[in-house]
Amino acid sequence: MKKILMPIACKVKDLIYPPRCPGCDRVLAPDERNFCKKCAPKVKKITLPVCRICGKSITQKDEKECLCGDCQKRKHYYDSGRAVYEYSGPMKKAMYRFKYSNRRCYVSAFTEDSEQVLGGWIREIRPDVIVPVPMYEKKKRMRGYNQAEVLANSISARFDIPFDKAIVKRRADTTPMKELSRENRRENLKNAFILGKSDVKFNCVLIVDDIYTTGATVDAVAQVLRGAGVSHIYALYACIGKGNGE
Ligand SMILES: [Zn+2]
Ligand SMILES: [Zn+2]
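Residues numbered from 1 in each chain as written. Chains lettered and ligands numbered in written order. Predicted model: local features only at pLDDT ≥ 70, side-chain atom pairs only at ≥ 80, totals over all residues.

Asker: Help me understand the environment of Ser101 in this model?
Answerer: Note on placement: Ser101 falls in the loop between helix H3 (90-100) and helix H4 (107-125). With 42 residues separating them along the chain, Ser101 and Arg143 place their C-alpha atoms 9.1 Å apart. (Helix = DSSP H or I, 4+ residues; strand = E, 2+ residues; numbered from the N terminus.)

The following block contains the structure:
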């Protein structure tokens, strides 16, 4: 019964909310999937080789121990992270709309591509739970949703991994991040997250965020989890910048 009903339900949903291309926001043609024909060639999915810590594309084969310039200089608090797309071309506007313009629907394209790009990696690390980078509650109420949570939820459903948004919580932002230097941002973020549950029993956690730039956010969340005794901490993001700490 369920099998017969599902495609009909999907079609009805597609009629009301037709799938759009995250790259240009155009409604997809019946023969297009995830991205439209125009945007698809411009969307750069992350391919190997990548930095073994942050997951950023690296080109020079001889780079020290397969680390990007940033990870050679800075120690991270998570074990390793991987991204689906490079934060360039159509993905810049896609991420903006996903975050600010209520285009939560893009998540289905991001999730399908995460299966293709990161499916093997996710099954290999086998996280016990998925934790989204939390947003300050008041900000979330104002914006209506937390894009990291939307992605984390979808990844959780696709890979059948439990999802828990209550493990880590975000405190109120005290100083607007825009006014801070890169180092001060890192300092400010250190105190931004707190443990939301008193007993965290997970051994392996996957943190999910929308964009990875310097890693300061993921590091700050990872520090809270380490403090709670989590031994393996991984991170997944829809997009990652290229070059050093963009
Ligand atoms: Zn497009
Ligand atoms: Zn790196």
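What follows continues from the structure just given.
Asker: Quick question: what am I supposed to make of H3 here?
Answerer: Since there are 3.6 residues in each turn of an α-helix, residues three or four apart along the chain are aligned in direction. Of the positions making up H3, those classed as buried are Pro90, Met91, Ala94, Met95 and Phe98. In an axial view of H3, the angular spread of the buried residues amounts to 130°, which keeps them on one side of the axis. Away from the buried face of H3 by more than 90 degrees, exposed residues Lys92, Tyr96 and Tyr100 are located. On the buried face of H3, the contacting elements are strand E1 (80-86), helix H6 (147-159), strand E5 (204-212) and strand E6 (232-240). Of the residues trailing H3, Asn102 is marked for its positive phi of about 60°. (Buried ≥ 20, exposed ≤ 12 C-beta atoms within 10 Å, placed from the backbone. Arc of directions from axis to C-beta. Contact = placed C-beta atoms within 7 Å.)

Asker: So what exactly am I meant to see when it comes to unusual backbone geometry here?
Answerer: Glycine aside, a negative phi is what most residues show, and trans is what most peptide bonds show. Following Leu48, the chain continues to Pro49 via a peptide bond in cis, the omega torsion being 5°. Mapped onto the elements, Pro49 comes out in the loop between helix H1 (2-16) and helix H2 (69-73). The phi angle at Asn34 is positive, at roughly 70°, despite the residue not being glycine. Along the polypeptide, Asn34 turns up in the loop between H1 and H2. In the Ramachandran plot, Asp160 falls in the positive-phi region, its phi being about 55° despite a non-glycine side chain. On the secondary structure map, Asp160 appears in the loop between H6 and strand E3 (168-170).

All quantities given are derived from atomic positions and should not be read as evidence of function.
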